[in-house]
Amino acid sequence: METRDNYTCPMHPNIQESRPGLCPDCGMSLVKLKQKNKPAEHKHDGEHGTAFNKHAGHKTQSFLHKFAVSLILSVPIVLYSDLPQKLFGVVVPLPPLQIPSSILRLIIEAGFGSVVFFYGGWIFLASAVRELRAKLPGMMTLIAIAISAAYIYSIGSIIAGGEHTLFWELATLITIMLLGHWLEMKSVQGAEGALKELSKLLPDTAEVLRDGKPVMVPLEELKEQDMVFVRPGAKIPADGVVTEGESEVDEAMITGESKPIAKHPQSEVIAGTINGDGALTIKVTKIGEHTFLAGVMRLVREAQASKSRLQLLSDKAAFYLTIVAVAGGAITFTLWFIFRHDLPFAVERLVAVLVVACPHALGLAIPLVASISTTIAARNGFLIRRRSALELARELDVVLFDKTGTLTEGAYGVADVIADQEKQNEALQLAAAVDASSEHFVSKAIVKEAQNRGLKTEKVERFERLSGKGVRGLVSGSTIAVGGEKILELSGATVPSHFLPTIERSSREGKTIIYVTKDGVCIGAIALVDIIRGESREAISSLKKMGVRTAMITGDTEDVAEWVAKELGIDEYFSRVLPGEKAEKVKLLQAKGLKVAMVGDGVNDAPALTQADIGVAIGAGTNVAIESAGIILVKNDPRDIPKIIRLSRLTYGKMIQNLFWATGYNVIALPLAAGVLASRGILLEPAFAAALMSLSTVIVAANALLLRKAGAKLA
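Residues numbered from 1 in each chain as written. Predicted model: local features only at pLDDT ≥ 70, side-chain atom pairs only at ≥ 80, totals over all residues. Heavy atoms only, no water.

### Observations concerning the sheet that holds strand E8 (residues 247–250)
- Read across the open sheet, the 3 strands follow the order E9-E8-E11; overall the sheet is antiparallel. Edge positions in the open sheet fall to strand E9 (261–263) and strand E11 (274–275), since each of these has one partner strand only.
- Relative to E11, E8 runs antiparallel, the two being bridged by 2 bridges. Counterpart to Asp250 in the pairing with E11 is Ile274. (Pairing = 2+ DSSP bridges. Helix = DSSP H or I, 4+ residues; strand = E, 2+ residues; numbered from the N terminus.)

### Regarding the side chain of Thr550
- In this fold, Thr550 is placed in strand E21 (residues 549–553).
- Look at Thr550 and you get buried, because its relative accessible area is 0%.
- Each residue touching Thr550, except ones within four places of it in the same chain, is listed here: Val398, Val399, Phe401, Ile540, Leu543, Gly569, Ile570, Asp571 and Glu572. (Buried < 20%, exposed > 50% of the residue type's maximum accessible area, 1.4 Å probe, protein only. Contact = heavy atoms within 4.5 Å.)

### What about the packing of helix H24 (residues 640–674) against helix H25 (residues 686–711)?
- Contact geometry for H24 and H25: axes closest at 10 Å, N-to-C directions at 165°. Taken together, the axes of H24 and H25 are roughly antiparallel relative to one another. Here H24 runs over H25; the crossing is right-handed. Note on element contacts: H25 touches H24 through Leu692, Met693, Ser696, Ile699, Val700, Asn703, Ala704, Leu706, Leu707, Ala710 and Gly711, opposite Leu650, Thr651, Lys654, Gln657, Asn658, Trp661, Ala662, Tyr665 and Ala669.
- Each residue belonging to the contact of H24 with H25 can be placed in one class, and the counts come to 13 nonpolar, 6 polar and 1 charged. (Axes fitted to C-alpha atoms, helices over the stretch in contact; angles between N-to-C directions. Parallel < 35°, antiparallel > 145°, perpendicular 65-115°, else oblique. Left-handed = near helix turned anticlockwise from the far one by under 90°. Nonpolar A, V, L, I, M, F, W, Y, C, P; charged D, E, K, R; others polar.)

### Considering a nonpolar patch on the surface
- A surface patch of nonpolar side chains, amounting to about 320 Å² of accessible area, comprises Leu97, Ile99, Ile103 and Ile107.
- Relative to the helices and strands, Ile107 is located in helix H3 (residues 101–120).
- Exposure remark for Ile107: the relative accessible area of 40% places this residue in the partly exposed category. (Patch = residues over 30% accessible without salt bridge, like charges linked within 9 Å, V, L, I, M, F, W, Y side chains within 5 Å. Areas by Shrake-Rupley, 256 points an atom, 1.4 Å probe, with all protein chains shown as cover. Salt bridge = Lys/Arg side-chain N within 4 Å of Asp/Glu carboxyl O.)

### Regarding the side chain of Asp402
- Among the structural elements, Asp402 can be located in strand E14 (residues 398–402).
- Given the relative accessible area of 6%, Asp402 is considered buried.
- A polar contact is formed between the side chain of Asp402 and the side chain of Lys582, at a distance of 2.9 Å.
- The contacts of Asp402, once residues within four sequence positions are left out, are Leu407, Ile553, Lys582, Met598, Val599, Gly600, Asp601 and Asp605. (Polar contact = N/O pair within 3.5 Å; in protein donor to acceptor, adjacent residues only side chain to side chain.)

### A closer look at the pairing of strand E5 (residues 213–218)
- Relative to E5, strand E4 (residues 205–210) runs antiparallel, the two sharing 6 bridges. Among the inter-strand pairings, Glu207 is bridged to a residue of E5, identified as Met216.
- As consecutive antiparallel partners, E4 and E5 are separated by 2 residues, and within that stretch Asp211 has a phi angle of approximately 55°, a positive value.

### Observations concerning the nonpolar core
- Counting residues in hydrophobic clusters, the biggest one holds 60 residues, and the most contacted among them are Phe124, Ile143, Ile147, Leu170, Met177, Val355 and Val356.
- Of all the secondary-structure elements, those providing two or more residues to this core are helix H1 (56–79), H3, helix H4 (122–133), helix H5 (139–159), helix H6 (167–191), helix H11 (343–356), H24 and H25.
- Core analysis: the second largest hydrophobic core is formed by 57 residues, Ile376, Ala565, Ile644 and Ala704 among them. (Core = buried A, V, L, I, M, F, W, Y, C linked by side-chain atoms within 4.5 Å.)

### Things to note about the packing of aromatic side chains
- Summed over all chains, the structure comprises 8 aromatic pairs.
- Both rings, one in Phe117 and one in Tyr151, keep their centres 4.2 Å apart while their planes meet at 5°; by these two values the pair is stacked. Placement of Phe117 in helix H3 and of Tyr151 in helix H5 is noted, with a sequence separation of 34 residues between them. Here the two residues Phe117 and Tyr151 agree in accessibility, since each one is buried.
- Members of the aromatic cluster, connected to one another through ring pairs, are Phe117, Phe118, Trp122, Tyr151 and Phe167. (Phe/Tyr/Trp six-rings, centres within 6.5 Å; stacked < 30°, edge-to-face > 60°.)

Encoded structure:
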């Protein structure tokens, strides 16, 4: 049988993953193990990319049941122990049974205590074995040592005829640990949710058209080329192209775009998005792992498997805390036994130290925040491939944008119509009439501008394409020619002198000049340029307010680069940069001691994205660029860059807060557990130590959840 490496939860061995990460039930770090290939209850779904445990609720309830049973059994153990007499001077009378009181007390303490140990505590013992097999001793190992020490001592004391046992301490400790773990699981399941939320986007069924009739089929039976009918308000089941119908689709969860997107025949749609008021017929183009949503989930899984610098620090701290707990517990036990000769007290202190130092909260402090930030990022239209990239974003000094397709639309648009004021619309209208018959990108830009201005275009006759010159035709009986400078020569026209200053300035700014002649007379010119995105101005402005410098890189001329930089308020630019030289410009900025983010979308941006401290790829760009980046923008929207930095700062703040909550209490609790103030009658009992440890974990999870509220204000 073939073997492979799997990752499993020490606490929930039925959960198996193909990569490291957190247990979706309890938040514990998954441990590596080698085993034979066999079906597991919880695995990634290869078809749809889901990664969540459908039975999580049942396991959470099982802990509640174990807690309830342990609590019921612990009550008589505590009542008939020596604790009531010590605290209140009261001896609780035994029930009037025909059993000697000594035997009855033994049954209650040892019998009920053993049930609590094996029934309630077995989960901790088995989990410790898995940790030790994986050579990763941690929280479960400490708890197992603690409860085993208490139980073995108590049984040994009974066999030896001793009077003192630790059964009430053992029972209350296990009961509180079970309650604490149940609370932790509830908190973690509320916080650890990027993939859970994404998996919920897909519907369970799809309405497929078979012989013209809609038939409901399970989602896994959907095939490419199927025709799917999507009713108003329904979720779109797969990536595809609209063939019939018009509607608006809510793509907010996928792209972060709050405004519904209009869809009509030939429009592309994404699985998991929500249809609006219209009905759509969609031809399925992608299913399963090939869909956009599956790609997003793959990136989220990669992000959850990756670790930031703070998490690596947290993992090391958790490991060393485990070592400190074991060593501290051993030293505490030894010293109390040597100097006080009180074995029960020494064992009790050992148990308290081991329990209070459990590093569960520390292990959760960073991963929970990182998981929530991954979800927030996806909701806001950008995907984190590497957590280290998000963590570093808060330290950025400069953002370097590739111009074309990032700051600009990468498509020509009309910047200006140069003509006498009363003839501007006429010049554009006539040019559009002739260009309507051309497929050239300049012609399309002119026609689009005329449509935007609401200008009606006349029918053209005798249309001609003049290779290398432009186009010509008859409009309302007049000969209209549109093109570059050569069209002027062909038409025998000259440019009016009062047009020249504006034309020369536009040329210096890198704009393409198209002339319009009517019956041999130049009536105007149209300046076209790669359109600057309106979003770019907002992005640059936001970055300036955040204290982050901006730079631009382009293969265009100095004049074009200077004009775009001036229009947007960019601090620095690099012009006439060849594709292979982009990474060198990143190095140039880094040589100044600056932390650089590179934003690009093309194949030739890949080396620069890799060289930069953070590579940010435009989602609509090439796969090569995306694979080279640490962060991916789903939309071509540069305004997401300031959002990344804001989220990075929020995330870092929450991580630091959680590290404090996860470790701060140990400064006080560990010495108290060891008995430093025992001479003054101040002791930390094992049960209270367990409550403190569990409380710190719940606080860490709850604090992580607060990031969601802060993340809603990224925009």
